[in-house]
Amino acid sequence: MTRKSHWENSKRIETLVDGIFAIAMTLLVLNLSVPQLTSPVQDATIHSFLIDLIPKLFTYALSFILLAIFWKVNHSQFYYIKRVNTPLLWITIIWLLFVALVPFSTSLTGEYGDLQSAQIFFDINMLGIGLLSALSWYYATEKKFTVNEVTDEDVHRIRKRNLLLPAASLLAIGLTFISPSWSSLAYMSIPFIERIFK
């Protein structure tokens, strides 16, 4: 078997990534369910239900936006990555394992967001995604799997950007010891800080 046969086209990886993200982002909404209320139903009952639903809606929106950011980061990285070998393939697959876990960790925090263990599980899920994304880019650039047009500036800019989610995850874990319910606010800074590294 020649060395060339070990390479996989990165486009096939991107197709798999797009499919997993589409499923994970769709499954998030299943954490929201309409209650089965006995008649007659009054506006006050619906109003009370919607108020109680706010924590789940926040967790849903946060997870959806985070998944969108992860997808965008991966898309921007694979814009430069043109070759993939077996180790990089497995890094991506394990990364997708953590991505596919997001609907479950979101559901867990939606139900038990006031408990530290539930929030830490969510934060570890985010930390795994961030670290594996950073590892993927580091490995690909070290192995020179990128296109010739990529510059050292591009490499270092993306490496810095890949530190955002792990840093936010560690901050969120720290905040769970103060207030588990508010710890997820640490992730809301990511879209704003990301603009610095464009």
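Read on for an overview of the structure. Values in this document were obtained by computation on a predicted structure and should not be read as measured data.

Counted under the stated rule, the structure contains seven aromatic pairs. Centre to centre, the rings of Tyr 60 and Phe 64 are 6.1 Å apart; their planes meet at 50°, and the pair counts as tilted. Here Tyr 60 pairs with Phe 64, and both are found in helix α2 (residues 43–80), just four residues apart, close to one helical turn. Among the residues examined, Tyr 60 registers a relative accessible area of 23% and is labelled partly exposed. Pairing Phe 122 with Tyr 187 gives two aromatic rings, centres 5.9 Å apart and planes at 85°, and the pair type is edge-to-face. Linking Phe 122 in helix α5 (residues 116–142) with Tyr 187 in the loop between α7 (164–176) and α8 (190–194), this pair joins segments that are 65 residues apart in sequence.

Right, let's get into the environment of Lys 82. Residue placement: Lys 82 occurs in the loop between α2 and β2 (83–84). On the basis of relative accessible area, Lys 82 is assigned to the partly exposed category, the value being 34%. In this structure, the C-alpha to C-alpha distance between Lys 82 and Lys 144, residues 62 residues apart in sequence, is 9.6 Å. Polar side-chain contacts of Lys 82 include one of 3.5 Å to the backbone oxygen of Tyr 79.

Turning next to the pattern of salt bridges. A side chain of one charge can pair with a side chain of the opposite charge if their charged atoms are brought near each other. Throughout the structure, instances matching the rule amount to three salt bridges. Taking the shortest distance from any N to any O, the salt bridge between Glu 111 and Lys 56 comes out at 2.6 Å. With a gap of 55 residues between them, Glu 111 in helix α4 (residues 102–112) and Lys 56 in helix α2 connect regions that are remote in the sequence. According to the relative accessible area criterion, Lys 56 is partly exposed, its value standing at 21%. Salt-bridge contacts for Glu 142 lead to Arg 159; the nearest nitrogen and oxygen are separated by 3.0 Å. On the criterion of sequence distance, the pair formed by Glu 142 in helix α5 and Arg 159 in helix α6 (residues 152–161) is long-range, its members being 17 residues apart. When its relative accessible area of 45% is taken as the criterion, Glu 142 is described as partly exposed.

Ranked by size, the top nonpolar core spans 40 residues in total, and within it Leu 67, Phe 70, Trp 95, Met 126 and Tyr 187 carry the most contacts. Secondary-structure elements contributing two or more residues to this core are α1 (10–27), α2, α3 (86–100), α5, α6 and α7. Examining the composition of this core, we find that eight residues originate from one element, α2, more than from any other.

One way to put it is that α5 packs onto α7 with a least axis distance of 8 Å and a crossing angle of 165°. With respect to their mutual orientation, α5 and α7 come out roughly antiparallel. α7 is crossed by α5, and the crossing has left-handed handedness. Residues Gln 116, Gln 119, Ile 120, Asp 123, Ile 124, Met 126, Leu 127, Ile 129, Gly 130 and Leu 131 of α5 lie in contact with α7, whose contacting residues are Leu 165, Pro 166, Ser 169, Leu 170, Ala 172, Ile 173 and Thr 176. For the contact of α5 with α7, the per-class residue count stands at 11 nonpolar, five polar and one charged.

Calculation criteria
Residues numbered from 1 in each chain as written. Predicted model: local features only at pLDDT ≥ 70, side-chain atom pairs only at ≥ 80, totals over all residues. Heavy atoms only, no water. Phe/Tyr/Trp six-rings, centres within 6.5 Å; stacked < 30°, edge-to-face > 60°. Helix = DSSP H or I, 4+ residues; strand = E, 2+ residues; numbered from the N terminus. Buried < 20%, exposed > 50% of the residue type's maximum accessible area, 1.4 Å probe, protein only. Polar contact = N/O pair within 3.5 Å; in protein donor to acceptor, adjacent residues only side chain to side chain. Salt bridge = Lys/Arg side-chain N within 4 Å of Asp/Glu carboxyl O. Core = buried A, V, L, I, M, F, W, Y, C linked by side-chain atoms within 4.5 Å. Axes fitted to C-alpha atoms, helices over the stretch in contact; angles between N-to-C directions. Parallel < 35°, antiparallel > 145°, perpendicular 65-115°, else oblique. Left-handed = near helix turned anticlockwise from the far one by under 90°. Contact = heavy atoms within 4.5 Å. Nonpolar A, V, L, I, M, F, W, Y, C, P; charged D, E, K, R; others polar.

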